[in-house]
Amino acid sequence: MAEEHVPMQAPPPGPSGPAGPGGPRPQGRPGGPAKRGKRSFVRKKKVCRFCVDKADYIDYKKAEILAPFIQERGKILPRRMTGTCARHQRWLTVAIKRAQNIALLPFAAEL
Amino acid sequence: MEERQYDLIFICRPDTPEPEIDKVIATLEHAATEKGGKIESVNKWGRRRMAYRVQKLREGYYVYMVLKSTHGEVVKELERRLKVSDAVMKYLTVRLDEELKRQDKLKRHRERRAARRPRKTAPAAPPLPTSGDQAAAQA
């Protein structure tokens, strides 16, 4: 019985081969080959930049360090976008708000 | 009471002459010592572009100073003076000693861990002796 199932499963990868040119697929998953639009990709794990630097304190006076963490419009970027860890995000928001107060960073884009 | 540390930043109008800025700094220093505080350092960042317009101006002359004091009265007095001063457009006082304390604590913690790590990695070394034992057994 088990031997019969193996040839049954084998054909699907065949049709998926011609469909493959759309993009390299690491492995044909059951159900995966049939749908062309969906492609599973491995998201790169984002690492907290402050943890990498082993930062104990985020200085609000260094606007150039804080700048990558705000949007063009002046909003603070969420953690899920930047990959900052919870602790550093907490410090970061405080630092950004202080910097905004002393006009080192904008509250909102002008005009 | 424990000594507190503050960051004091103020922005002067960009067209104020240098001597006048020095005068503002001098009065602040004087006021601080009078109230029992101490200005540790003064750092003139100079003219720089502000992130948004303040009093319709795009640039400002930044002055940064570190203040140490045992009570908050000093800050109150200094802020009052900054508010009164015509040259000053904007100011900010931030109490920092607690954050510095935290920073210190984390640093010490990390150093302790770093000091302990060699001992932790040491147990990983044993494979070598065991292989040596095996070699001895084989011999």
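Keep in mind the model is a prediction, meaning the values are calculated, not measured.

### Here we look at the side chain of B:Asp97
Okay, so step 1: Within the secondary structure, B:Asp97 sits in helix α3 (residues 97-121).
Okay, so step 2: Other than its neighbours up to four places away in sequence, B:Asp97 contacts B:Glu3, B:Arg4 and B:Gln5.

### Describing the packing of helix α1 (residues 18-34) of chain B against helix α2 (residues 73-84) of chain B
All names here are of chain B.
Okay, so step 1: The N-to-C vectors of α1 and α2 enclose an angle of 155°; their axes lie 9 Å apart at closest approach. In terms of their interaxial angle, α1 and α2 are classed as roughly antiparallel. The two elements α1 and α2 cross, and the hand of that crossing is right-handed. Counted together, Leu28, Ala31 and Ala32 of α1 and Val74, Glu77, Leu78, Arg81 and Leu82 of α2 form the full contact between these two elements.
Okay, so step 2: Taken together, the residues of the contact of α1 with α2 break down into six nonpolar, no polar and two charged.

### Remarks on the pairing of strand β2 (residues 38-54) of chain B
All names here are of chain B.
Okay, so step 1: Here β2 runs beside strand β3 (residues 57-69); their pairing, made up of eleven bridges, is antiparallel. Bridging from a neighbouring strand, Arg47 pairs with Tyr61 of β3.
Okay, so step 2: Counted between consecutive antiparallel strands, the loop separating β2 from β3 contains two residues, among which Gln55 sits at a positive phi close to 50°.

### Topic: the environment of B:Gln55
Residue and element names in this part refer to chain B.
Okay, so step 1: Mapped onto the fold, Gln55 is located in the loop between β2 and β3.
Okay, so step 2: Taking relative accessible area as the criterion, Gln55 reaches 45% and is therefore assigned partly exposed.
Okay, so step 3: In sequence terms Gln55 and Arg13 are 42 residues apart; their C-alpha atoms lie 9.0 Å from each other.
Okay, so step 4: Contact partners of Gln55, with chain neighbours within four places excluded, come to Arg13 and Met89.
Okay, so step 5: At a separation of 2.6 Å, a polar atom in the side chain of Gln55 contacts the side chain of Arg13.

### Examining the sheet that holds strand β1 (residues 4-12) of chain B
All names here are of chain B.
Okay, so step 1: If you walk across this open sheet you meet the four strands as β2-β3-β1-β4, and the pairing is antiparallel. The outermost strands of the open sheet, each flanked by one partner alone, are β2 and β4 (88-95). Across this sheet, the average inter-strand angle for adjacent strands is 20°, counted without regard to direction.
Okay, so step 2: Of the pairings in the sheet, the one linking β1 to β4 comprises seven bridges and is antiparallel in character. Each residue of the ladder has a partner; that of Phe10, found in β4, is Tyr91.
Okay, so step 3: α2 rests against β1, β3 and β4 of the sheet, and its axis sits at about 165° to β4.

### Considering the interface of chain B and chain A
Okay, so step 1: Taken together, the contact between chain B and chain A spans 24 residues of the former and 18 residues of the latter.
Okay, so step 2: In total, chain B and chain A occlude about 2000 Å² of area from one another, counting both sides; carbon and sulfur atoms represent 58% of this.
Okay, so step 3: Our enumeration of links across chain B and chain A arrives at three salt bridges.
Okay, so step 4: For the salt bridge of A:Arg98 with B:Glu99, the shortest nitrogen-to-oxygen distance reads 2.8 Å.
Okay, so step 5: Where chain B touches chain A, the interface holds ten residue pairs in polar contact (both at pLDDT 80 or more).
Okay, so step 6: Elements with a minimum of two residues in the side of chain B that touches chain A: β1, β2, β3, β4 and α3 of chain B.
Okay, so step 7: A per-class count over the side of chain B that touches chain A returns 13 nonpolar, one polar and ten charged.

### A word on the packing of aromatic side chains
Okay, so step 1: This model, assessed by the stated rule, comprises four aromatic pairs over all chains.
Okay, so step 2: An angle of 40° between the planes, with centres 5.4 Å apart, marks the rings of A:Phe107 and B:Tyr52 as tilted. Of this pair, A:Phe107 sits in the segment after α6 (86-101) while B:Tyr52 sits in strand β2, on two different chains.
Okay, so step 3: Exposure remark for B:Tyr52: the relative accessible area of 13% places this residue in the buried category.
Okay, so step 4: Taken together through their ring pairs, the aromatic side chains of B:Trp45, B:Tyr62 and B:Tyr64 make up a single cluster.
Okay, so step 5: Of note, B:Arg48 hangs over the ring of B:Tyr62, and the distance from its end group to the ring centre comes to 5.4 Å.
Okay, so step 6: The residue whose ring lies beneath B:Arg102 is A:Trp91, and the NZ or CZ to ring-centre distance is 4.0 Å.

Rules and cut-offs
- Residues numbered from 1 in each chain as written.
- Chains lettered and ligands numbered in written order.
- Predicted model: local features only at pLDDT ≥ 70, side-chain atom pairs only at ≥ 80, totals over all residues.
- Heavy atoms only, no water.
- Helix = DSSP H or I, 4+ residues; strand = E, 2+ residues; numbered from the N terminus.
- Contact = heavy atoms within 4.5 Å.
- Axes fitted to C-alpha atoms, helices over the stretch in contact; angles between N-to-C directions.
- Parallel < 35°, antiparallel > 145°, perpendicular 65-115°, else oblique.
- Left-handed = near helix turned anticlockwise from the far one by under 90°.
- Nonpolar A, V, L, I, M, F, W, Y, C, P; charged D, E, K, R; others polar.
- Pairing = 2+ DSSP bridges.
- Buried < 20%, exposed > 50% of the residue type's maximum accessible area, 1.4 Å probe, protein only.
- Polar contact = N/O pair within 3.5 Å; in protein donor to acceptor, adjacent residues only side chain to side chain.
- Buried area = accessible area lost by both parts, 1.4 Å probe.
- Salt bridge = Lys/Arg side-chain N within 4 Å of Asp/Glu carboxyl O.
- Phe/Tyr/Trp six-rings, centres within 6.5 Å; stacked < 30°, edge-to-face > 60°.
- Lys NZ or Arg CZ within 6 Å of the ring centre and 35° of its normal.

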